[in-house]
Amino acid sequence: MLNKLKEKKLTKKDYFVVSSLLFGLFFGAGNLIFPLHLGQLAGHNWGPAVLGFLVTGVLLPLLSVLAISITRSEGVYDIGRPLGPAFALVFMVLIHATIGPFFGTPRTATVSFAVGLAPLLPAGSTKVALFVFSACFFLVAYLFSRKENKIVSNVGKLLNPVFLALLALVFFVAFLHPLGSLSTATPTKEYLGQTSFINGFLEGYNTMDALAGLAFGVTVVTAIRSMGVKRETNVAVVTAKAGVFGMGAVALIYLLLTLLGVQSLGKFKLSADGGVAFSQIVNQYAGVAGQAILAALITVTCLTTAIGLVAAFAQDFHKHFPKVSYHTWLVLSCASSFFFANFGLETILAWSLPFLMFLYPLAMVLILLSVFSPLFKRDSYVYFFVVLFTVVPAFFDMVATFPAVISQSNFGKAVYAFQHHYLPLADYSLSWLVPALVGLALGLAVHFYKEVFVKTQASEMD
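Values in this document were obtained by computation on a predicted structure and should not be read as measured data. Sequence order as written defines the numbering, with residues in each chain counted from 1. Restriction of local features to residues with pLDDT of at least 70 applies here, the model being predicted, together with a cutoff of 80 or more for giving and counting side-chain atom pairs; totals for whole chains, interfaces and linings are based on all residues. With hydrogens and water set aside, each side-chain value is computed from the structure's full complement of heavy atoms.

Caption draft 1: Inspection of the packing of aromatic side chains at higher detail. Whether two aromatic rings pair depends on their centres lying within 6.5 Å, for rings of Phe, Tyr and Trp, where Trp uses its six-membered ring; planes under 30 degrees apart make the pair stacked, over 60 edge-to-face, and the rest tilted. Under the criterion given, the structure shown has 29 aromatic pairs. Ring centres of phenylalanine 113 and phenylalanine 133 lie 5.7 Å apart, and the angle between their planes is 50°; this geometry places the pair in the tilted category. Residue phenylalanine 113 is found in helix α7 (residues 104–117), and its partner phenylalanine 133 is found in helix α8 (residues 126–145); the two are separated by 20 residues along the sequence. Overall, phenylalanine 113 belongs to the buried group, its relative accessible area being 6%. Residue classification places phenylalanine 133 among the buried residues on the basis of a relative accessible area of 14%. Pairing phenylalanine 355 with phenylalanine 402 gives two aromatic rings, centres 5.7 Å apart and planes at 90°, and the pair type is edge-to-face. Residue phenylalanine 355 is found in helix α15 (residues 345–371), and its partner phenylalanine 402 is found in the loop between α16 (380–401) and α17 (404–407); the two are separated by 47 residues along the sequence. Only protein chains enter the accessibility calculation, which uses a 1.4 Å probe. A residue is then buried if its area is under 20% of the maximum for its type, exposed if over 50%, and partly exposed in between. With a relative accessible area of 10%, phenylalanine 402 lands in the buried category. Helix and strand definitions here come from DSSP, where helices need a minimum of 4 consecutive H or I residues and strands a minimum of 2 consecutive E residues; each element is numbered from the N-terminal end.

As structure tokens, then:
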């Protein structure tokens, strides 16, 4: 009764705060390049492609926050905890390494460089310029993340709306004076027919937002609880309601960026990545002045994201490996991010995709199991069978999507042959899906058998 009295009913303003938090968590300046490139790849088949992208780029990240709420987790470690502390620790390390110093954090520097600065530089100077830029970028990130500093968050709160306003202006001009037609743009062969949805689904992995939701979703849940919402069911409901607005805004931006990418084919050829495409579009409409403004804004907004990522990495690793100081983990995070950033955006994207092909299926099944865990009392047997049947085919999908040096090696060819001979949906890089469903059936069978057996034993003893 006392808990009921303490439970607060949130106002529209409270919901707006949570929605804004969700939006800020899942939409960064770096995210704009993926739907833009998707539009160029999908051409006139953009409809099913963007639907697939929204499943993994919007719906799944929201479910990841709901998973944190429903299971009362404090982070990605707790999500994997039903499978034991060893698995939880390894899963946490892989998630943080991927969204952190291996791929996610270096990408903040390379996206801001590729979109903002590179188009302003003379040909042949980009490698040296990227080295200098990324060194300065991560030095600033290190200096600001050494101590908690509200200057960064305040700058982010000021410049993120300015960046969104500039993006809105680009949309207004681009759709008022389109570069091409949505109906005549030619799709790549991967986006013909039914494969358009599946490839859009896989392209959404690149946002890394489902992984970020597991790592940082506790921020949203904590904010909701601090508003006076105590019951876990109510926290989940508030998250879902606020998510409709916050993630709805992210979905709208993704849709408009996809359409912008489709239209750009009327003027430009398919680009190497969305960063190049966005620079071309901004230059077309706003010239060098617009490019310079974009360079400044996207650099600062990506920098605020980078500061949050390196600090979160250092905090979580210091928590689980306390013998190494926060400061040391921070140095390692910034130094590693600087090192990998200098491989360039195109290389980072090419090598990050295979790891995402491995981690996303594991994240997806753990997110969905967590969301529906009350139905099977978070039984570890259900988790065990689903993950066991997911991990091997997900590994095969990872090997198949590596660059040729691995995927075309003898090992890569052997994995490919086995995968396509024995596993359904391997052609679509979804060879984990059917085995995961088989694992779910086995896990639930064991769970319900235990339930019936225990109840039968208890009744017999009575």
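Caption draft 2: Up close: the domain arrangement of the protein chain. Split by domain assignment, the protein chain resolves into domain 1 (12–353) and domain 2 (376–461). Distance from the C-alpha centre of domain 1 to the C-alpha centre of domain 2: 29 Å. Across the contact, 14 residues belong to domain 1 and 13 residues belong to domain 2. Taken together, the two surfaces of domain 1 and domain 2 that pack against each other cover about 1100 Å², and 75% of this comes from carbon and sulfur. All domain edges in this entry derive from an automatic or database-based domain assignment. By the convention used here, residues are in contact when the closest approach between their heavy atoms is within 4.5 Å. Two parts lose some accessible area (1.4 Å probe) when they are put together, and adding that loss for both gives the buried area.

Caption draft 3: Region of the structure containing the side chain of histidine 96. On the secondary structure map, histidine 96 appears in helix α6 (residues 85–102). If near-sequence neighbours (up to four positions away) are discounted, histidine 96 is found in contact with Val76, Pro101, Ala215, Phe216, Ala312, Phe313, Asp316 and Phe317.

Caption draft 4: Summary view of the pattern of salt bridges. What makes a salt bridge here is a side-chain nitrogen of Lys or Arg within 4 Å of a carboxyl oxygen of Asp or Glu, nothing more. Under the criterion given, the structure shown has 2 salt bridges. The shortest N-O distance in the salt bridge between glutamate 451 and lysine 377 comes to 3.0 Å. Of this pair, glutamate 451 sits in helix α19 (residues 433–461) while lysine 377 sits in the loop between α15 and α16, and the two are 74 residues apart along the sequence. Its relative accessible area of 23% is what places glutamate 451 among the partly exposed residues. The salt bridge partner of lysine 450 is aspartate 379, with a shortest N-O separation of 3.1 Å. In this pair, lysine 450 is assigned in helix α19 and aspartate 379 in the loop between α15 and α16, connecting sequence segments 71 residues apart.

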